[in-house]
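# Structural description and commentary
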Amino acid sequence: MTYKVGLLGLGTVGTGVAKIFQAPAGRHPLLPEIEIALVGVRSLNKQRDVAINAEIVTDDLESIVNDPAIDIVVEVIGGIEPAKSLILKAIANGKHVVTANKAVIARYGNEIFTAAKQKGVYVMLEAAACGGIPVIQVLKQSLGGNRISELTGIVNGTTNYILSRMYFEGADFGATLAEAQKLGYAEADPTADVDGFDAADKMTILASLAFGDRIKLEDIYREGIRSITSADINYAKELGFTIKLLGIARRVEAKDAQDRHLEIRVHPTLIPIQHPLANIHGVTNAVRIEGDPIGEVVLSGPGAGSGATASAVVADIINVVAVLKSLPNQINQLMGCSHEHYAKIAPIENTVTQFYARLLTHDKPGVIGDLGTAFGKHSVSLNAILQKNTIHDGLAEIVVVTQKVSELNFQQAIATIRDLPTLHSIPTVLRVI
Ligand SMILES: NC(=O)c1ccc[n+]([C@@H]2O[C@H](COP(=O)([O-])OP(=O)(O)OC[C@H]3O[C@@H](n4cnc5c(N)ncnc54)[C@H](OP(=O)(O)O)[C@@H]3O)[C@@H](O)[C@H]2O)c1
Ligand SMILES: N[C@@H](CCO)C(=O)O
């Protein structure tokens, strides 16, 4: 029997998937038993990077999800609609779904998994987080015996590519983003990458698998990398850090079960250079997972791009086919993912972390004293302070790194500092891991 795939999308990821199926030699033995039977695109006349029989290509994507001959629908068109409706229609028609669409899963995962459970079909999403790194499978199965306490990751390839180029070459933000787009790393709207939305979508999925609860995307604190300048990157270097966009998810324990909660946030972060995530550069992603009893596991690999993402999509297709061949009438719980309860997630004000701040002040005596008093008033202790008097127009630049303090205290100190007559502006505030 040949298993028939309906491929929705023939862009960066869809092309990579098609190329794998066209060259099955040396890959998984099930590949020759799987056929891309139909391909859905928006524009029939577009030049493609892969040779596809024009007879199987259509711009009527509904006809693919409604076709009784299709066993597995692979959704790699991206965006919310029509992707979400096509996924739900495929499920309603009893088809298994493989998707790379973290935006849809992070927002509508509950609806989609509930529908899939009712229909007894699989929804697979390995490619939705961290591109080619098999992190979903690891969380769902390989680490199943562990109680996970923390998952921290560089989960967006585009921003890591931009920040790495800025760090090593002093590259320009806009030009590097344009290159990331050309290389097929960025989302159709790269705002999703640069402003941390894509990373927040991925953390919703990863935290849900790590901690076994539903996560509301809107509960995740999110900041992007637009505020990072070469000045911040150089100061960070001088202080022994690198800057990465990190997703941080932690289980916070408490004696009283009512008080147990999660902390989930996405923001640019100063990482000490000896940290396992500090040397993850370019489009590479990495996830550090801490669990009991295993301890620390770090997974790294290409986080975006055609081949890397197609590798994850094809792995999902093979997994579904392998299960269909061995257990044709049975759904394997390990393959699906569906949680019943929502996690309690702490607001950002409740977190405790170190901060980095770059302040521009008028170059007058007593400035450092004013800052020290303002920080002290809100119980914010400082770990490091750098002062540069080289700034133009009578301004001096002061960089501080705090000790671990509550977000609330730090923000109150910053509010006090904003009112100081000696302050000109605060161009950057970042958190430190
Ligand atoms: N690129 C990556 O590195 C990467 C990594 C992991 C996950 N993902 C996810 O994978 C998905 C696809 O990303 P991509 O980079 O491959 O996107 P892409 O290059 O923009 O390709 C999208 C494909 O979907 C088709 N399409 C889009 N909207 C359509 C519509 N309304 N009707 C019919 N066809 C439509 C396009 O048709 P035309 O070709 O005719 O325009 C194109 O073939 C997204 O969910 C993305 O987040 C991407
Ligand atoms: N735009 C995403 C694609 C992979 O999910 C990124 O850069 O990580």
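Looking at an unreviewed UniProt entry, the protein carries the name Homoserine dehydrogenase, with the source organism given as Pseudanabaena catenata USMAC16. Note on the protein: under the UniProt heading Catalytic activity (unreviewed entry), the record states "L-homoserine + NADP(+) = L-aspartate 4-semialdehyde + NADPH + H(+)".

### Thoughts on a nonpolar patch on the surface
Taken together, the side chains of Ile368, Leu382 and Ile385 make up a nonpolar region of the molecular surface, amounting to roughly 210 Å² of accessible area. Looking at the secondary structure, you find isoleucine 385 in strand β14 (residues 382–388).

### Describing the pairing of strand β2 (residues 34–40)
Taken across its seven residues, β2 has six buried, putting it largely inside the fold. Taken together, the six bridges between strand β1 (residues 3–8) and β2 define a ladder with parallel strand orientation. Each residue of the ladder has a partner; that of leucine 8, found in β2, is glycine 40. Once you follow β1 into helix α1 (residues 12–22) and on to β2, the crossover reads as right-handed. When β2 meets strand β3 (residues 57–58), the two strands line up parallel, connected through two bridges. Directly across from glycine 40, in β3, lies its bridge partner threonine 58.

### Quick notes on the site of ligand 1
Lining the immediate environment of ligand 1, one finds 24 residues, of which Ser43, Lys46, Arg48, Glu187 and Gly305 sit closest. Here an oxygen atom of ligand 1 sits 3.1 Å away from a polar atom, N or O, in the main chain of arginine 42. Between an oxygen atom of ligand 1 and a main-chain N or O atom of serine 43, the distance comes to 2.7 Å. Summarising the interface, the protein chains cover 85% of the accessible area of ligand 1, which totals 900 Å² for the free molecule. Partitioned by chemical class, the residues of the shell around ligand 1 number ten nonpolar, nine polar and five charged.

### Considerations on the UniProt feature "binding site: L-homoserine" (unreviewed entry) in the protein
Within the UniProt annotation, "binding site: L-homoserine" (unreviewed entry) is assigned to Glu187. Tracing the backbone through its elements, the reader meets glutamate 187 in the loop between α7 (173–182) and α8 (191–194). With residues near it in sequence (within four places) discarded, glutamate 187 still touches Lys102, Ala192, Asp193 and Asp198. Engagement of the side chain of glutamate 187 in a polar contact is seen with the side chain of lysine 102, the distance being 3.1 Å.

### Points about α7
All buried positions along α7 are accounted for by Phe173, Thr176, Leu177 and Ala180. The arc that holds every buried residue of α7, seen down its axis, measures 105°, which confines them to one face. Looking at the buried side of α7, the elements it contacts are α6 (157–169) and α8. The distance from a side-chain oxygen at the start of α7 to the backbone nitrogen of glycine 174 is 3.3 Å, and the residue carrying that oxygen is aspartate 172. Following α7 by one or two positions, glycine 184 adopts a phi angle in the positive range, close to 80°.

Parameters and conventions
- Starting from 1, residues in each chain are numbered consecutively following that chain's sequence as written.
- Chain letters and ligand numbers both follow the written order, the letters beginning at A and the numbers at 1.
- Under the rules for a predicted model, residues below a pLDDT of 70 receive no local features and side-chain atom pairs below 80 are neither given nor counted, while totals for whole chains, interfaces and linings still include all residues.
- Computation of side-chain values: all heavy atoms of the structure, hydrogens and water removed.
- UniProt positions are given in the numbering used here, feature names are shortened, and annotations may be inferred rather than shown by experiment.
- For patch building, the residue pool is restricted to those with more than 30% relative accessible area and no salt bridge; the joining distance is 9 Å between like charges and 5 Å between nonpolar side chains (Val, Leu, Ile, Met, Phe, Trp, Tyr).
- The Shrake-Rupley method, run with a 1.4 Å probe, gives the accessible areas here. Residue values count only the displayed protein chains as cover.
- By definition here, a salt bridge exists when the distance from a side-chain nitrogen of Lys or Arg to a carboxyl oxygen of Asp or Glu is within 4 Å.
- By the criteria applied, helices consist of DSSP H or I runs no shorter than four residues and strands consist of E runs no shorter than two, each listed in order from the N terminus.
- Summary of the burial criterion: residues with accessible area below 20% of their type's maximum are buried, those above 50% are exposed, and those between are partly exposed, where the area comes from a 1.4 Å probe applied to protein chains only.
- Here, any two strands with at least 2 DSSP bridges between them count as paired.
- Seen with its strands pointing away from the viewer, a crossover is right-handed if its path from the first strand over the helix to the second goes clockwise.
- We call a residue near a molecule or strand whenever a single non-hydrogen atom of that residue lies within 4 Å of it.
- Counted as a polar contact is a pair of N or O atoms within 3.5 Å, where, for protein atoms, one must be capable of donating a hydrogen and the other of accepting one, and residues adjacent in sequence contribute only when both atoms are in side chains.
- Amino acids are sorted into nonpolar (Ala, Val, Leu, Ile, Met, Phe, Trp, Tyr, Cys and Pro), charged (Asp, Glu, Lys and Arg) and polar (every other residue, Gly among them).
- Contacts are assigned to residue pairs with any non-hydrogen atoms lying within 4.5 Å of each other.
- For this quantity, the arc is that covered by the directions from the helix axis to the C-beta atoms.

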